[in-house]
Amino acid sequence: MSGEVLNAQDGNGTVNRVIRMGTRKSQLARIQTDYVAEKLKTLYPDVHLEIVAMSTIGDKILDTALSKIGEKSLFTKELENALERNEVDLVVHSLKDLPTTLPNGFTIGAVLQRESPHDAVVLHPKNSGLTLDTLPDGSVIGTSSLRRAAQLKKRFPHLEFKDIRGNLNTRLKKLDEKEDYAAIILAAAGLKRMGWEARVSQVLGPEDCMYAVGQGALAVEVRARDCDILEMVSTLHHSETVLRCIAERAFLRRLEGGCSVPVAVNTEVKDSVLSLTGAVYSLDGADSLKEAMEISVDPGNKLESAADIQHVGVTAHNVPQCAQVAAEKLGVDLADLLLSKGAMEILTTARKLNDAR
């Protein structure tokens, strides 16, 4: 194990390992970290887990749209700094917050089973019973995501879209206590983890709004050299989620997308076939490119190497390497197909327009 090892004695004088888990301070981040901690505690009852909460740039800058801040690691940088300084041993993230290229020396050691990756509509109480289709013309929908706004503007042209920032608690408060928004769009997974499913009036399927890369999945980031921690957290990997998210992240990385461009995906694994639908949009949704591809992720009888290979930042020794290679290839190939049809022009224009807003 690199770096210092913290130990604690239990009542019997046995020395137990202390693992420090870094997290953001928001309620949702704490719930997600507690969830991971419980899973680790069940698997490793002798390990003492200590949770270290901290604020990130994304938590502090609340008056600017995320896409305008122009920093890919808004919600991860401070946590990674703590990991680098050995102040924490692992960090729990929402996978969609993690850039597709991680800083040197870090890796995603676990991708847990995905919650619903879809977006959800939360209505102002006065609009109870309505849907995006039936809301009055000119109704204002709050979302801080260019991806959501681009797709929904095209799908629901009678609605208007405005930025809304803050954590889940803040956004719901802004919705309920003011008359500024008829509804807001949030990730269904976050609402479920907070116990707020009752507020979901509509879940948006891929025909209305495809989701963000990695949405709904939790990731555990570790120092790549810490073999024991990497081995410990790797038991949390969920194979299907790993393959879907490798394909999604490879697609996004090839397109060089981030918070400042509208890129959306939809994936599924069925009968050992991984399918990926990916799309890019102009800011108003009028211009778009969307394609789908699939690949077999059946490991067959191929011999596996336990080489320390990362796929778009993910290290998963317990998922067949050939399946991970196939998933990454799928993402790259689909991105290349979109790029051959003019995706870069759409994304470059979207980025410039966003910067000028």
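Residues numbered from 1 in each chain as written. Predicted model: local features only at pLDDT ≥ 70, side-chain atom pairs only at ≥ 80, totals over all residues. Heavy atoms only, no water.

- The name given to the chain in an unreviewed UniProt entry is Porphobilinogen deaminase, with the source organism recorded as Oncorhynchus mykiss.
- What UniProt records for the chain under Subcellular location (unreviewed entry) is the sentence "Cytoplasm, Cytosol". (UniProt positions renumbered as here; feature names shortened; annotations may be inferred.)

**Considering the pattern of salt bridges**
- Enumeration over the complete set of coordinates arrives at 19 salt bridges.
- The closest approach of N and O atoms between Arg155 and Asp133, which form a salt bridge, is 3.9 Å. Highlighted residues: Arg155 in helix H5 (residues 146-155) and Asp133 in the loop between strand E6 (119-123) and strand E7 (140-142), separated in sequence by 22 residues.
- Take Asp133: its relative accessible area is 47%, and that puts it in the partly exposed class. (Salt bridge = Lys/Arg side-chain N within 4 Å of Asp/Glu carboxyl O. Helix = DSSP H or I, 4+ residues; strand = E, 2+ residues; numbered from the N terminus. Buried < 20%, exposed > 50% of the residue type's maximum accessible area, 1.4 Å probe, protein only.)

**Some words on the side chain of Arg249**
- Here Arg249 lies in helix H9 (residues 239-255).
- The side chain of Arg249 sits in the buried core without any salt bridge; Glu221 is the nearest counter-charge, 8.0 Å away.
- In terms of polar contacts, Arg249 uses its side chain to reach the backbone carbonyl oxygen of Leu98, at 3.0 Å.
- Filtering out sequence-adjacent residues up to four positions away, Arg249 remains in contact with Leu95, Leu98, Pro99, Thr100, Leu102, Ile108, Val213 and Val312. (Lys, Arg positive; Asp, Glu negative; His and termini not counted. Polar contact = N/O pair within 3.5 Å; in protein donor to acceptor, adjacent residues only side chain to side chain. Contact = heavy atoms within 4.5 Å.)

**What about the pairing of strand E14 (residues 288-296)?**
- For strand E13 (residues 273-281) and E14, the ladder comprises nine bridges, and the chain directions are antiparallel. Within the sheet, the bridge partner assigned to Leu276 lies in E14 and is Met293.
- If you look at the hairpin formed by E13 and E14, you'll find six residues sitting between the two strands, and Gly285 has a positive phi there, around 80°. (Pairing = 2+ DSSP bridges.)

**Considerations on the nonpolar core**
- Phe251 and Val280 are the most contacted members of the largest nonpolar core, which totals 42 residues.
- Looking at this core, the elements with two or more residues in it are strand E5 (106-111), H9, strand E12 (263-270), E13, E14, helix H10 (321-340) and helix H11 (343-356).
- Per-element tally for this core: the top contributor is H9, with nine residues.
- Apart from residues no more than four positions distant in its own chain, Val280 is found in contact with Leu255, Pro262, Val263, Asp287, Ser288, Leu289, Leu338, Ala343, Ile346 and Leu347.
- Counting residues in each nonpolar core, the second largest holds 18 residues, with Val36, Val47, Leu218 and Val220 among its members. (Core = buried A, V, L, I, M, F, W, Y, C linked by side-chain atoms within 4.5 Å.)

**Considerations on the environment of Ala250**
- Mapped onto the elements, Ala250 comes out in helix H9.
- Put simply, Ala250 and Val332 are 82 residues apart on the chain and 5.6 Å apart in space, counted from C-alpha to C-alpha.
- Sequence-distant contacts of Ala250, that is, excluding residues within four places in its chain, are made with Val312, Glu328, Gly331 and Val332.

**Here we look at the environment of Phe156**
- Residue position: Phe156 is located in the loop between H5 and strand E8 (160-162).
- When sequence neighbours within four positions are dropped, the list of residues in contact with Phe156 reads Leu132, Asp133, Phe161 and Asp208.

**Here we look at the environment of Ser239**
- Mapping Ser239 onto the fold places it in helix H9.
- For Ser239, a relative accessible area of 36% gives the class partly exposed.
- Residues Ser239 and Ala323, 84 residues apart in the sequence, show an inter-C-alpha distance of 9.6 Å.

**Quick word on unusual backbone geometry**
- Phi angles above zero are rare outside glycine, and Ser272 is one such case at about 65°.
- Relative to the helices and strands, Ser272 is located in the loop between E12 and E13.
- Notably, Val312 is not glycine yet its phi reads approximately 40°, a positive angle.
- Relative to the helices and strands, Val312 resides in the loop between E14 and H10.

**Digging into the sheet that holds E7**
- Strand order in the open sheet formed by five strands is E8-E7-E9-E6-E10, and the pairing between neighbours is mixed. Each of the sheet's edge strands pairs with one partner strand only, and the pair in question is E8 and strand E10 (200-204). On average, adjacent strands in this sheet sit at an angle of 30° to one another, irrespective of strand direction.
- The pairing of E7 with E8 spans three bridges and is parallel. Directly across from Ile141, in E8, lies its bridge partner Phe161.
- Contacting E6, E8, strand E9 (183-187) and E10, H5 runs over the sheet at an angle of about 125° to E9.
- Docked against the sheet, helix H6 (residues 168-177) engages E6 and E9, running at close to 165° with respect to E9. (Axes fitted to C-alpha atoms, helices over the stretch in contact; angles between N-to-C directions.)

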